[in-house]
2 protein chains.
Amino acid sequence: MPKNKSHADAPASALSAPRAARPTAPLRDLLRYTPGTSPAGLDPAATPGYPGKGKRDAAKLTDQLAPALSEWQERLYAAAKGKASQRSVLVVLQGMDTSGKGGVARHVMGMVDPQGLRLVAFKQPTKEELSHHFLWRIRRGLPGPGLIGVFDRSHYEDVLVGRVDELVPQATWEKRYAEINRFEAEVAAAGTTIIKCYLHISRDEQRDRLLARLDDPAKYWKYSPGDVDVRLKWDAYATAYQAALDLCSTDVAPWYVIPANRKWYRNWAVATLLLEHLEALDPQWPPATFDVAEQVTRVLNS
Amino acid sequence: MPKNKSHADAPASALSAPRAARPTAPLRDLLRYTPGTSPAGLDPAATPGYPGKGKRDAAKLTDQLAPALSEWQERLYAAAKGKASQRSVLVVLQGMDTSGKGGVARHVMGMVDPQGLRLVAFKQPTKEELSHHFLWRIRRGLPGPGLIGVFDRSHYEDVLVGRVDELVPQATWEKRYAEINRFEAEVAAAGTTIIKCYLHISRDEQRDRLLARLDDPAKYWKYSPGDVDVRLKWDAYATAYQAALDLCSTDVAPWYVIPANRKWYRNWAVATLLLEHLEALDPQWPPATFDVAEQVTRVLNS
């Protein structure tokens, strides 16, 4: 298993991933979305910053990030448990059907201790959820101190499907961009590092992935006829995504555009982005809240 | 990563773990607790059914179970999603402090897709929880259809600490064994396979693990002075565990005693037990709920 545990006497252990697996330049810079540049103009098959030889070494390089990810995650968790910090991380995954939100949850988030994860998949809102403000259910899904939260879809659905299908009047969804910015600023100020990932695939790639699901009885369950209905509105969704990225790219919660036609790049890139943010957060093992020598004596006498 | 995806055209793929990693006899038989035999009489350093050479090949053998575990978990999830089944699995982890409940959650449950897991750690009950029947919070923590639930501590705390520290009158905790059996029978009848694991360590092993936590600043956060207070009641807890195992070993929810002095055996054994139960459950990919050829045409025309 790629899980690692650190020991104080081996401090250099897992914390830095091998250089060979690290990006040629920080993905925080390479993948950060610049408002006004249009995600549709970015190549979904590109591999910015990838240090390897393509698909053939991607699984190995991604695996090499696991010990560092795992140790940072444990430190983040420990710091909160030890009352040394209340920080948390929130990874927001958005993208068209088949873009790989579930794949990232499985392959990237599967690299850290499940005890330190809070994964929330936002489906079509329930009646109860609809009776509240659109951010109500989102707040309830936020990660607690020390946790890495993962949103598979999010509040952005309320300016995506909500806008494309006119689920609410235009005046309502237009207001939401500013509401989202205020909400994210508040979440960030409360100690949560927000990493918003737009998984960017091409229309042709989506077609191929839908056909692949229809070609394999082990994947039928992932297919829904409704996927084609949404696909037919591709351009309207592209416009809605562009608006979300343009209007909700803030310094405390920027968007990252992850080229996602290549699954191996997508997984490496999201793992790397998460690692870069954890490194910047730099959570520390919390100090003892007790007298260590005294406790050693107590244990020995027990 | 040890995660695997199956394809219908490679059906033998991951579903059976390599023979070398499988137990010499089913752990469902070898580790099943026989009421009246006293867990304290079982060797916590034993390695029943282990097929390898001890610690040195344990990580490798445990890793080899991962693809099969991962595929069975995906099938369980898919079957529920495709409305073909409402089954779920619940792994209950109990044991003295340091016995490895968190280690199993990290190392064994970390082998499957986190999207298919529901991990619940039961801490000291809150005021709200205390205002309800002791099974109230447990019901709320049960896994939904298709999920593998993991309880790190459970309703058994209410006949362990509840009994040892006399948190409730004897007449109250005495009733609870029958209440637990009725509850578990009901949960099993609703489609949940229950796997109760008692992680069995020796008193000396616990001392060593507590001292190890005090010897490493990266582990201070795992130590609490209260652990020694509980340790001082070792014999009372042994009696309470024996009662829980003797009175709550039923055919629908038997107890398994996992010798847990050796962490490598403990992880392999719980992974193997989970695998054996998933195999017995034998979840299938759900059939398509749509006309496949028709959908292929729709995708091609979209």
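About the cut-offs
- Residues numbered from 1 in each chain as written.
- Chains lettered and ligands numbered in written order.
- Predicted model: local features only at pLDDT ≥ 70, side-chain atom pairs only at ≥ 80, totals over all residues.
- Heavy atoms only, no water.
- pLDDT = per-residue confidence, 0-100.
- Contact = heavy atoms within 4.5 Å.
- Pairing = 2+ DSSP bridges.
- Helix = DSSP H or I, 4+ residues; strand = E, 2+ residues; numbered from the N terminus.
- Axes fitted to C-alpha atoms, helices over the stretch in contact; angles between N-to-C directions.
- Buried area = accessible area lost by both parts, 1.4 Å probe.
- Salt bridge = Lys/Arg side-chain N within 4 Å of Asp/Glu carboxyl O.
- Polar contact = N/O pair within 3.5 Å; in protein donor to acceptor, adjacent residues only side chain to side chain.
- Nonpolar A, V, L, I, M, F, W, Y, C, P; charged D, E, K, R; others polar.
- Least-squares fit on C-alpha atoms with pLDDT ≥ 70 in both.

(A) Geometry of the confidence of the model for chain A. Residues and elements named next belong to chain A. The predicted model of chain A has a mean per-residue pLDDT of 94, with 96% of residues at 70 or higher. Confidence over residues 1-12 falls short of pLDDT 50; this stretch has 33 contacts with residues more than four positions distant or in other chains. The ipTM assigned to the predicted complex is 0.92, against a pTM of 0.94.

(B) Layout of the sheet that holds strand E3 (residues 148-152) of chain A. Residue and element names in this part refer to chain A. Read from one edge to the other, the open sheet built from five strands follows the order E2-E3-E1-E4-E5, with strand pairing classed as parallel. Sheet topology places strand E2 (117-121) and strand E5 (255-259) at the edges, where each strand pairs with a single neighbour. Sheet twist, expressed as the mean angle between neighbouring strand axes with direction ignored, is 20 degrees. The sheet contact formed by strand E1 (residues 88-95) and strand E4 (residues 192-200) spans eight bridges and is parallel. Pairing of Leu93 across the sheet is with Cys197, part of E4.

(C) Up close: the interface of chain A and chain B. With 59 residues of chain A at the contact, the number on the chain B side is 59 residues. Taking both sides of the interface into account, the surface hidden between chain A and chain B amounts to around 5400 Å²; carbon and sulfur atoms contribute 63%. The interface formed by chain A and chain B includes eight salt bridges. The closest approach of N and O atoms between Asp229(A) and Arg298(B), which form a salt bridge, is 2.6 Å. Across the contact surface, chain A and chain B share 16 residue pairs in polar contact (both at pLDDT 80 or more). Mapped by element, the contributors of at least two residues to the side of chain A that touches chain B are helix H2 (55-81), helix H3 (101-107), E2, helix H8 (203-214), helix H9 (226-231) and helix H12 (292-300) of chain A. Counting residues per element, the side of chain A that touches chain B draws most heavily on H2(A), at seven residues. Residue composition of the side of chain A that touches chain B, grouped by class: 31 nonpolar, eleven polar and 17 charged.

(D) Quick peek at the relation of the copies chain A and chain B. For the pair chain A and chain B, the relating rotation is 180 degrees, the translation along its axis is 0.0 Å, and the fit reaches an RMSD of 0.0 Å. As the rotation angle and translation indicate, the two copies are arranged about a two-fold axis.

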